[in-house]
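Coordinate inspection notes
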Amino acid sequence: MKLIKRPYLEELIKVIGTPDIKVITGVRRSGKSKLLELFKKHIKENIENCNIIDINFNIPKFDNLMEYHKLYDYVEEKWVDGKRNFLLIDEVQMCNGFERAINGFHAEEKYDIYITGSNAFLLSSDLATLFTGRTYEIEVFPFSFKEYLEYFKIKDIQKAFDRYIFEGGMSGAYVYEENKQKYNYLNDVYNALIVRDIQQKYNIQNTELMNSLTEFLMDNISNLTSYRSISGKLNENNMTTNDKTIASYIQYLCDAFAFYKIRRYDIQGKRYLSTIDKYYLVDHSFKFAKIGTKDINYGRVYENIVAIELLRRGYEVYVGTLYNKEIDFVAIKRNEKIYIQVADNIDYEDTLKREVSPLLQIKDAYPKIIIARTKHDDYQYEGIQIYDIANWLAK
């Protein structure tokens, strides 16, 4: 599979030489290992007098290092005095007691450390307790639409977006010709995520409940939901559960980067609301692989794509509420704030007015936009910027 230059590489380059332990996270098969490959290539080509200690626990020749004392001794033997020593470890969790070794390397202050690993063992919430040194986390997402265009060298943005809707951003699926083969691959990836990153770590016995919950969340993308309402629906379908179990299972799914929870934000009261949230899938193609492409609600697919793109671009993302009306997204980054509505077809005046109405009720001066499948150039309507979704994603 060919490699493209991803924005995460620039982020890694900017933290070269900092004392932090650089931790690359993200959903399974999103490109963490490939990113480390590209970073290694950059070091070789651009940094003089360097020594790269590169360990990939996916490769059998490193099987003898799967205990932290042996890993520590191996790295120490590879260290070269007088050179800049880069330590790159892929799938670090496969080494028993890996955190002891990493903490030891960091304490010696003679390595520039970069690691990737299974999300079950490198949760964002666990990093501070795993490592004594400060960590710098880089979260890798599946391919954006802009990266998809670069990968396939497609010039016709609208036709490319038609394909991206069904193929998504999991680049490992791109090598397969048929959609059936692509979805088989995606299904295997998702199942591995559930089994290896969740069930094994948390010793989940009720796999049927986890599968039913996953399919429920996929089928209810963009719907406001609560733990209680989900458990009620599943109980109606003869799945015995309760809101506490559902809360735990959803947290596991979010920790493994399968789903992202988007909280509600009261625009008038400027406060965050609890109990009812939305959940978006890390890549919309997983839904098609798991539950099929019949009766597609394109509006919901677009909303999922926009939600993940906003997160990818570094925004905090919330669902806005104002006078009992909903704003799809409030995107915040430092002093920047954007109110966003996402729609499928707004060609009809009534549909456009329905999407515009909540935005016009917001009295502050922050930008207000609609992202829809217009297939036209950007334009304004009553002071609100209208973007075609493919054009907006390609910016």
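Residues numbered from 1 in each chain as written. Predicted model: local features only at pLDDT ≥ 70, side-chain atom pairs only at ≥ 80, totals over all residues. Heavy atoms only, no water.

**A word on the nonpolar core**
Counting residues in hydrophobic clusters, the biggest one holds 94 residues, and the most contacted among them are F161, L253 and F259. Setting aside anything within four residues of it in sequence, one finds F161 in contact with F145, Y302, I305, R373, I389, A390 and L393. (Core = buried A, V, L, I, M, F, W, Y, C linked by side-chain atoms within 4.5 Å. Buried < 20%, exposed > 50% of the residue type's maximum accessible area, 1.4 Å probe, protein only. Contact = heavy atoms within 4.5 Å.)

**Looking at helix α8 (residues 179–202)**
In this model α8 runs 33 Å from its N-terminal to its C-terminal C-alpha over 24 residues, within 8% of the 34 Å that 1.5 Å per residue would give. Within the span of α8, buried status applies to K182, Y183, Y185, L186, V189, Y190, A192, L193, I194, D197, I198 and Q199. In the core, the buried residues of α8 are packed alongside α7 (157–167), α9 (207–219), α11 (243–255), β6 (259–266), β7 (271–281) and α12 (285–291). Looking one or two residues beyond α8, the residue adopting positive phi is N203, at roughly 55°. (Helix = DSSP H or I, 4+ residues; strand = E, 2+ residues; numbered from the N terminus. Expected span 1.5 Å × (residues − 1).)

**Here's the deal with the sheet that holds strand β2 (residues 50–56)**
Strands belonging to one sheet form pairs held by backbone hydrogen bonds; the direction of such a pair is parallel or antiparallel. Overall, parallel pairing links the five strands, which are arranged β2-β3-β4-β1-β5 in an open sheet. Pairing within the sheet leaves two strands with one partner each, and these edge strands are β2 and β5 (135–140). Pairs of neighbouring strands in the sheet enclose a mean axial angle of 15°, with direction left out of account. Pairing of β2 with strand β3 (residues 84–90) involves seven bridges; the strand directions are parallel. By the bridge assignment for β3, N51 is matched with N85. Taken strand by strand, helix α1 (residues 7–14) contacts β1 (21–26), β4 (112–116) and β5, and its axis lies near 170° from that of β5. Packed on one face of the sheet, helix α4 (residues 98–108) meets β1, β3 and β4 and runs near 160° to β4. (Pairing = 2+ DSSP bridges. Axes fitted to C-alpha atoms, helices over the stretch in contact; angles between N-to-C directions.)

**Some remarks on the pairing of β3**
Of all the seven residues making up β3, six are buried; the element is thus mostly covered by neighbouring parts of the structure. As for the winding sense of the linkage, the β-α-β connection from β2 through helix α3 (residues 68–78) to β3 is right-handed. Sheet topology note: the β3/β4 ladder contains four bridges and is parallel. Residue pairing for β4: L87 is matched across the bridge by I113. (Right-handed = clockwise from strand over helix to strand, strands pointing away.)

**Some details on unusual backbone geometry**
Phi is positive for K153, close to 55°, though the residue is something other than glycine. Residue K153 is classed as exposed on the basis of its relative accessible area of 59%. In this structure, N238 is a non-glycine residue whose phi angle is positive, near 65°. As for its placement among the helices and strands, N238 is situated in the loop between α10 (227–236) and α11.

**Things to note about the packing of α7 against helix α13 (residues 298–312)**
As a packed pair, α7 and α13 sit with axes 11 Å apart at the nearest point and diverge in direction by 85°. Between α7 and α13, the angle falls in the class roughly perpendicular. Counting all contacts with α7, which are made through F161, Y164, I165 and F166, the residues of α13 involved are Y298, V301, Y302 and I305. Classifying every residue of the contact of α7 with α13 by side-chain character gives eight nonpolar, no polar and no charged. (Parallel < 35°, antiparallel > 145°, perpendicular 65-115°, else oblique. Nonpolar A, V, L, I, M, F, W, Y, C, P; charged D, E, K, R; others polar.)

**Some words on the environment of N304**
Structurally, N304 can be placed in helix α13. Residue N304 is classed as buried on the basis of its relative accessible area, which comes to 3%. When the C-alpha atoms of N304 and S222 are compared, they prove to be 7.2 Å apart, with 82 residues separating the residues in sequence. In contact with N304, not counting residues within four places along its chain, are I221, Y280, L281 and H284.

**Here's the deal with the pairing of β4**
Along β4, five of the five residues are buried, which leaves the element largely enclosed by surrounding structure. Burial along β4 is two-sided: D112, Y114 and T116 facing one way and I113 and I115 facing the other are all buried. Where β1 meets β4, three bridges bridge the pair, whose relative direction is parallel. Paired with I24 across the strands is T116, a residue of β4. Assessed by its sense of winding, the connection that carries the chain from β3 through α4 to β4 is right-handed.

**Structural notes on the pattern of salt bridges**
Note that side chains of opposite charge can pair when their charged atoms are close. All told, the structure shown has 19 salt bridges when counted by the stated rule. A salt bridge links K368 to D364; the shortest N-O distance between them is 3.6 Å. Its relative accessible area of 14% is what places K368 among the buried residues. Among the residues examined, D364 registers a relative accessible area of 28% and is labelled partly exposed. (Salt bridge = Lys/Arg side-chain N within 4 Å of Asp/Glu carboxyl O.)

**What about the sheet that holds strand β13 (residues 384–388)?**
Reading across from one edge, β7-β6-β8-β9-β10-β11-β13-β12 is the order of the eight strands in this open sheet, with mixed pairing throughout. The sheet terminates laterally at β7 and β12 (379–381), the two strands that pair on one side only. Taken pair by pair, the neighbouring strands of this sheet meet at an average axis angle of 35°, ignoring direction. Judged from the six bridges that link them, strand β8 (residues 316–322) and strand β9 (residues 325–333) form a sheet pairing that is antiparallel. Considered in β9, the bridge of Y318 is made with V330.

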